[in-house]
Amino acid sequence: MNTKVLAQLHSGENCKIQKISAGFMATKRLYEMGLNSGAQVKVIKNDIGPIIVSLYGNKIAVGRGLAEKILVEN
Amino acid sequence: MNTIALVGNPNCGKTTLFNALTGSNQRVGNWPGVTVEKKEGSFKFKNQEYTVIDLPGTYSLGSFSEDEIVARNYIVNENPDVVINVVDATNIERNLYLTTQLLEMGAKVVVALNMIDEAEAKHIEIDIKKLSEKLGAPVIPTVASRKKGIENLISKAVELINKDVDYKAHISYGQNIDREIENIKKFLENKRLNYSPKWLAVKVLEGDKDILNMIKEKDEQTYNSLESIIKNDGFENRELEIVDKRYEFIHSITSAAVKKPKENVVTLTDKIDRIITHKYFGLPIFALIMYIVFQLTFAIGQDLLGGIIGTGLEILGEKIDSLLVSINAADWVISFVIDGIFGGVGTVVEFVPLILVLYTLMGLLEDSGYMARAAYVMDNLMRRLGLQGKSFISMIIGFGCNVPGVMSTRTLDSNKDRMIAILINPFMSCGARIPIYLVFISAFFPDKGGLVLFLLYALGIFVALVMAKIFSKTLFKGEASYFIMELPPYRIPTAENVLRNMWDNVSEFLKRAGTIIFAVVTILWILAMLPIGVEPYSQESILGQIGTVIAPIFKPAGYGTWQAAVGLFSGIAAKEAVVAILGMVYAGVEEGAELVKAIQSAFTPLSAVSFMVMTLLYTPCAATLGVIKKETNSYKWTLFSAVYSFAIAWILSVLTYQVGRLIGLS
C-alpha cells in the first residue's frame, strides 16, 4: 500500500480513494458523483489535461488541479 | 389531474423517457424566478389524463445548483402524486444516490431502470425483484429509446397514485449521527415546517443552506438551538460522512442485486475515446468537427435555406405593398408594415434556417456524447487562459446566439468559471451580427468575404480569451475553479430528441422575434417618424437626433455620422435591427444593392473595418443583457457587462482606425 495523489497515477492503475482535501463544494460534488472515500477507481487516461477515471465502469473526467487533491492508495 | 414528476441524473435517458411518455403533448417554459427550463407534458391512461413534469437532471437533491433546488422544491412543495426516478442501469451505483435521497424525502417513487439493454450488453446482471425489495420501491425495467417497458411503468405509477404507501429508506448514518438526527428531529417536530422532520434533520446536518435559511425564517429560536447543537457535536466532516453512509447503503443493495463482470470489457466507447480524446489528435479532431459544423450551418442554413426564405419574404413584401397601395392605405400604414415589420422582423426570420441547422448539429453532438469529450480536450488549453473545458461549450453556443450561450454556463459548477463565461460570451459573434458584416463585406471586400469573417470571429475569440485571463487574475482572483465531468458512453442520437431539442430552441427564437424584436422595431420606427411632419428616417426625426447627439463619440473611430450612430444605437436593442436601420437612414431601403452603394459612399474601407470591429464587440443586445441579469441575479454585473464591452469595442475600433490611418490605409 502506498499513498499518492490521483494525478500521480498512470493509465491502467487501480486505486482506492482515501481522502479528498479540496474545497467543500468540489469535494461534495466529487462525493455525489460517486468519488467518495473508499471508492475503487481505475485510471483510464492520464497524459495531458484532466484525468479520466473509470468508476464502476463509467467514465468521469477530473481536472488536474482537483486530482492533485485526491489522496489514493494503490 | 394527477401529476407525475420525472427525476434522474444527467445522461440517464430522462428526456427520452419523457418523450416516450408524453409524445407530442409537451410545453416548454421556465420555472418561476429562475432560468431553468421547465418541461411539462401529459398522457392518457384508461381515460384519465396525467400531467408529467420533467425536472432538471441532477446528481443530488442538495442546494448545490439552481437545478437541484428547482427539482427538490418541486417535489417537496408541489407534492407530485408519484415520482418516476429514471436510473441508468449501466451506472446503477451512482444513480441510486439520487434514489436514496428521494426515498428519504418520503416521496412515492417508481424506479424506471432505463437502458437495461445496454446493461445486458455489458453483461451487468440486475436482479430486479431483489433490487426492488431492498430499495422498498417498485422497479420497472425500460428502454426508453425503443419505447420498451413504458406501459408497465405507466400502470405501476398510476397504481401507486391510489395506494397509500410509506416508503422510507432506512439508511443508518452510524450511531453518532443517527443519534443526532433523532435529537434534531425532536426539535423540528410540531414546528409546522411542511417537511418530513427526519429528512429535515439530515439536511440540517448536511449544512444545507437553503433549508437552514428556511428554518431561520420560519422559526428563529429553533434555528438558534439547532446551530448550537451542530457547533458542539464535535464532528468535522459530517456532511461527507452522510454521503459516505448513503453509498454504504447503496453498496449493500447492489452487492445483493447487481452482478458485474470482473474485468470490464473494452467497449466501442473505449475504442472511440482512444482516438477522440487522444493527446495529440483530440484538438485537431475537435477543430475539424467545429469547422464542419460551421460550414454546414452556413452552407445549408444561410446560403441555401436562408436565401429561399429571403426571396420568399421579398416577394411577400412586394405583394403586401401593392395590396396596401391598391386599397389606398395611408402612407404611414404602408411604411409601418413594409419598413417596420418586414424590415425588422423579416431580417430576423431569415436567420431561422441558420439557427435551425446549428441547433440540429449541436444537438447531434450533444446527444451522441461528443460534447463532453470536446470539453475534455479543450480543458487543458482553456485552463491556461483562466477558463475550463466546459466554458468553451458555452462559447460555441454563443456563436449561434448569446442568449442560450449565457444560459448554458449553468453547467459550470463554480461561481468564478460561471461569471467569467457569462461576461465573455457576448464577444462570440452571434448569428445576428453576420448580416451587418455581410453588407460591409459586399461594399468593400467582395472577394475577401471568407477571410474577413474569419478574422472577425477570431478577434472575438481572442478578446474573449484575453478578458477571461484578466478577469480570473483580477475580479475573481483566488476563487476556486474545478473540473468534474461525466463522459457518458457514445450513443446514436435519436432523431426525435434532436429535432425536439432543435424545435424548442428555434421556437424560443421565433417567440423572441415576435415579441422583443417586434417591439424594438416598432419603437425604432416610431422614433424615426416623429415628430410629425419630418421626413421619416431623417436627421430631424427623434431617431436622427439621438444619432446626432451620440455621433461625436464615434468620430475618432472614423464613422462619426448620425446614421452610423443610429445603427449602433438600434443594435443595443437588437443586433438584428442594425442592417434594417442603416438601410433606412442611408438609402430608404432595408437591404440590397442600394444600401451597399450608400455604404460605399459613406464609409471608407478602413472605417468599414473599424465599424465591424465595433459591432462585433460592443454592448450586447437587450435580450442578452436580460439573460445576464437573470443568470447573475445582479444589476451591477449586467451594467458592468454593458459598459465594459462598449469600452473595449470603442478602444479597439478607434485603435483600428487610427493605426490604419498612420500606416496609410484609408
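Residues numbered from 1 in each chain as written. Chains lettered and ligands numbered in written order. Predicted model: local features only at pLDDT ≥ 70, side-chain atom pairs only at ≥ 80, totals over all residues. Heavy atoms only, no water.

**Student:** Got a minute to help me understand the overall build of chain B in this structure?
**Tutor:** Looking only at helices and strands, one finds 29 helices and 10 strands in chain B. By its C-alpha atoms, chain B is 80 × 55 × 55 Å across when sized along the principal axes. Of the contacts made within chain B by residues no fewer than 6 positions apart, 73% connect residues no fewer than 24 positions apart. Per element, the accessible surface of chain B, about 28900 Å² overall, is 59% carbon and sulfur. Each charge class in chain B was averaged separately, 63 positive and 67 negative side chains, and the resulting centres sit 5 Å apart. (Helix = DSSP H or I, 4+ residues; strand = E, 2+ residues; numbered from the N terminus. Contact = heavy atoms within 4.5 Å. Areas by Shrake-Rupley, 256 points an atom, 1.4 Å probe, with all protein chains shown as cover. Lys, Arg positive; Asp, Glu negative; His and termini not counted. Charge placed at Lys NZ, Arg CZ, Asp CG, Glu CD.)

**Student:** Would you mind going over the side chain of B:Ser472 with me for this structure?
**Tutor:** Residue and element names in this part refer to chain B. Turning to its location among the elements, Ser-472 is positioned in helix H21 (residues 449-473). Relative accessible area serves as the criterion here: at 9%, Ser-472 is assigned to the buried category. A distance of 3.1 Å separates the side chain of Ser-472 from the backbone oxygen of Lys-469, its partner in a polar contact. With sequence-adjacent residues up to four places away left out, Ser-472 is seen in contact with Gly-386, Lys-416, Ile-420 and Lys-477. (Buried < 20%, exposed > 50% of the residue type's maximum accessible area, 1.4 Å probe, protein only. Polar contact = N/O pair within 3.5 Å; in protein donor to acceptor, adjacent residues only side chain to side chain.)

**Student:** I keep staring at the packing of aromatic side chains and nothing clicks. Help me out?
**Tutor:** Two aromatic rings, taken as a pair, are described by how far apart their centres are and by the angle between their planes. All names here are of chain B. Across all of its chains, the model carries 19 aromatic pairs over all chains by this definition. Centre to centre, the rings of Phe-640 and Tyr-644 are 4.9 Å apart; their planes meet at 15°, and the pair counts as stacked. Taken together, the positions of Phe-640 and Tyr-644, both in helix H29 (residues 635-662) and 4 residues apart, correspond to about one turn of that helix. Take Tyr-644: its relative accessible area is 9%, and that puts it in the buried class. Between the NZ or CZ atom of Lys-575 and the centre of the ring of Tyr-618, over which it lies, the distance is 4.1 Å. (Phe/Tyr/Trp six-rings, centres within 6.5 Å; stacked < 30°, edge-to-face > 60°. Lys NZ or Arg CZ within 6 Å of the ring centre and 35° of its normal.)

**Student:** So what exactly am I meant to see when it comes to the packing of helix H3 (residues 92-105) of chain B against helix H8 (residues 197-205) of chain B here?
**Tutor:** When two helices pack together, their arrangement is captured by the angle between the axes and the distance separating the axes. All names here are of chain B. As a packed pair, H3 and H8 sit with axes 8 Å apart at the nearest point and diverge in direction by 130°. One element, H3, and the other, H8, form an angle in the oblique class. Here H3 contributes Gln-101, Glu-104 and Met-105 to the contact with H8, which in turn contributes Trp-199, Val-202 and Lys-203. A per-class count over the contact of H3 with H8 returns 3 nonpolar, 1 polar and 2 charged. (Axes fitted to C-alpha atoms, helices over the stretch in contact; angles between N-to-C directions. Parallel < 35°, antiparallel > 145°, perpendicular 65-115°, else oblique. Nonpolar A, V, L, I, M, F, W, Y, C, P; charged D, E, K, R; others polar.)

**Student:** I tried to follow the sheet that holds strand S6 (residues 70-73) of chain A on my own but got confused; where do I start?
**Tutor:** Picture the strands of a sheet paired through backbone hydrogen bonds; they go either parallel or antiparallel. Taken in spatial order, the 7 strands make up an open sheet running S1(A)-S6(A)-S2(A)-S3(A)-S4(A)-S5(A)-S10(B), and their pairing is antiparallel. A strand with exactly one partner marks an edge of an open sheet, and here the two such strands are strand S1 (3-5) of chain A together with strand S10 (484-487) of chain B. In this sheet, neighbouring strand axes are inclined to one another by 40° on average, regardless of whether the strands run parallel or antiparallel. Where strand S2 (residues 14-20) of chain A and S6(A) come together, 4 bridges link them in antiparallel fashion. (Pairing = 2+ DSSP bridges.)

**Student:** What should I look at first to understand the environment of A:Gly34 in this one?
**Tutor:** As for its placement among the helices and strands, A:Gly34 is situated in the loop between helix H1 (24-32) and strand S3 (40-45). Note on A:Gly34: relative accessible area 0%, which makes it buried. Separated by 22 residues in sequence, A:Gly34 and A:Tyr56 have C-alpha atoms that sit 9.3 Å apart. Setting aside anything within four residues of it in sequence, one finds A:Gly34 in contact with A:Ala39, A:Leu55, B:Arg94 and B:Tyr247.

**Student:** I tried to follow the interface of chain A and chain B on my own but got confused; where do I start?
**Tutor:** When the parts of a complex come together, some accessible area is lost, and that lost area is often taken as the interface size. At the junction of the two partners, chain A supplies 29 residues and chain B supplies 35 residues. Buried area between chain A and chain B, both sides added, is near 3200 Å², and the carbon and sulfur share of it is 59%. Broken down residue by residue, the surface that chain A buries against chain B is led by A:Arg29, A:Tyr56 and A:Lys59, which jointly contribute 23%. Applying the counting criterion to the chain A and chain B interface returns 4 salt bridges. Between A:Lys59 and B:Asp273 there is a salt bridge, with its nearest N and O atoms 2.8 Å apart. Elements with a minimum of two residues in the side of chain A that touches chain B: H1, strand S4 (51-55) and strand S5 (58-62) of chain A. Looking at the side of chain A that touches chain B, the element that brings in the most residues is H1(A), giving 9 residues. A class-by-class count of the residues in the side of chain A that touches chain B yields 14 nonpolar, 9 polar and 6 charged. (Buried area = accessible area lost by both parts, 1.4 Å probe. Salt bridge = Lys/Arg side-chain N within 4 Å of Asp/Glu carboxyl O.)

**Student:** Help me out: how do you make sense of the pairing of S4(A) in this one?
**Tutor:** Residues and elements named next belong to chain A. By the criterion of burial, S4 is predominantly enclosed, with 5 of the 5 residues buried. Side chains of S4 alternate between two faces, with Ile-51, Val-53 and Leu-55 and Ile-52 and Ser-54 buried alike. Strand direction decides the pairing type here: S4 and S5, joined by 5 bridges, are antiparallel. The residue bridging Val-53 from the neighbouring strand is Ile-60, located in S5. Linkage of S4 to S5, two consecutive antiparallel strands, is achieved through a turn of 2 residues, within which Tyr-56 is found at a positive phi near 50°.

**Student:** Please explain the nonpolar core as it appears in this structure.
**Tutor:** As a rule of thumb, nonpolar side chains are buried together in soluble globular proteins. Residue and element names in this part refer to chain B. With 112 residues, the main nonpolar core has Ile-424 and Phe-603 as its most contacted residues. The greatest single-element share of this core, amounting to 11 residues, is contributed by helix H22 (residues 495-529). Judged by nonpolar contacts, the second largest core, of 91 residues, contains Val-76, Leu-98, Leu-102 and Ile-484. (Core = buried A, V, L, I, M, F, W, Y, C linked by side-chain atoms within 4.5 Å.)

**Student:** What exactly am I supposed to notice about a nonpolar patch on the surface here?
**Tutor:** On the surface, B:Leu288, B:Tyr291, B:Ile292, B:Leu296, B:Ile300, B:Leu304, B:Leu305 and B:Ile308 cluster together to form a nonpolar patch covering roughly 730 Å² of accessible area. Within the element layout of this structure, B:Ile292 appears in helix H13 (residues 282-326). (Patch = residues over 30% accessible without salt bridge, like charges linked within 9 Å, V, L, I, M, F, W, Y side chains within 5 Å.)

**Student:** What is the right way to look at unusual backbone geometry in this model?
**Tutor:** Leaving glycine aside, a negative phi is the common case for residues, and trans is the common case for peptide bonds. Residues and elements named next belong to chain B. At the junction of Leu-530 and Pro-531, the peptide bond is cis and its omega measures out at -10° in the coordinates. Looking at the element boundaries, Pro-531 is found in the loop between H22 and helix H23 (542-550). Here the phi dihedral of Asn-79 falls at roughly 45°; this positive angle occurs in a residue that is not glycine. A positive phi is found at Asn-633, a non-glycine position, where the angle reads about 55°. Along the chain, the position of Asn-633 falls in the loop between helix H28 (622-632) and H29. Asn-633 gets classed as exposed once you look at its relative accessible area, which sits at 61%.

**Student:** Can you help me understand helix H20 (residues 434-444) of chain B in this one?
**Tutor:** Since the α-helix advances by 3.6 residues per turn, residues separated by three or four positions end up pointing in the same direction. Taken across its 11 residues, H20(B) has 8 buried, putting it largely inside the fold. Here H20(B) has its buried residues at B:Ile434, B:Ile436, B:Tyr437, B:Val439, B:Phe440, B:Ile441, B:Ala443 and B:Phe444.

**Student:** Would you take a moment to explain the pattern of salt bridges for this structure?
**Tutor:** Summed over the entire model, instances satisfying the criterion amount to 27 salt bridges over all chains. Salt-bridge contacts for B:Arg246 lead to B:Glu104; the nearest nitrogen and oxygen are separated by 3.3 Å. Placement of B:Arg246 in helix H11 (residues 238-257) and of B:Glu104 in helix H3 is noted, with a sequence separation of 142 residues between them. We note that B:Arg246, like B:Glu104, is buried. Here B:Glu206 and B:Lys203 are joined by a salt bridge, their closest N and O atoms 3.1 Å apart. The structure contains a network of salt bridges with shared partners spanning A:Lys28, A:Arg29, A:Glu32, B:Glu68, B:Glu104, B:Lys203, B:Glu206 and B:Arg246.

**Student:** Please explain the state of the cysteines as it appears in this structure.
**Tutor:** Cysteine pairs can be linked by a disulfide, which is a covalent bond between their two sulfur atoms. Within the structure shown, the criterion is met by 0 disulfides over all chains. In this model B:Cys621 remains outside any disulfide bridge; the closest cysteine sulfur is found in B:Cys430, 6.5 Å from its own. (Disulfide = S-S within 2.5 Å.)

**Student:** So what exactly am I meant to see when it comes to the pairing of S2(A) here?
**Tutor:** If a strand is regular, its side chains alternate between the two faces of the sheet. Across 3 bridges, the pairing between S2(A) and S3(A) is antiparallel. Residue pairing in the sheet places A:Lys16 in a bridge with A:Gln40 of S3(A).

As far as function goes, none of this settles anything; it's purely spatial.
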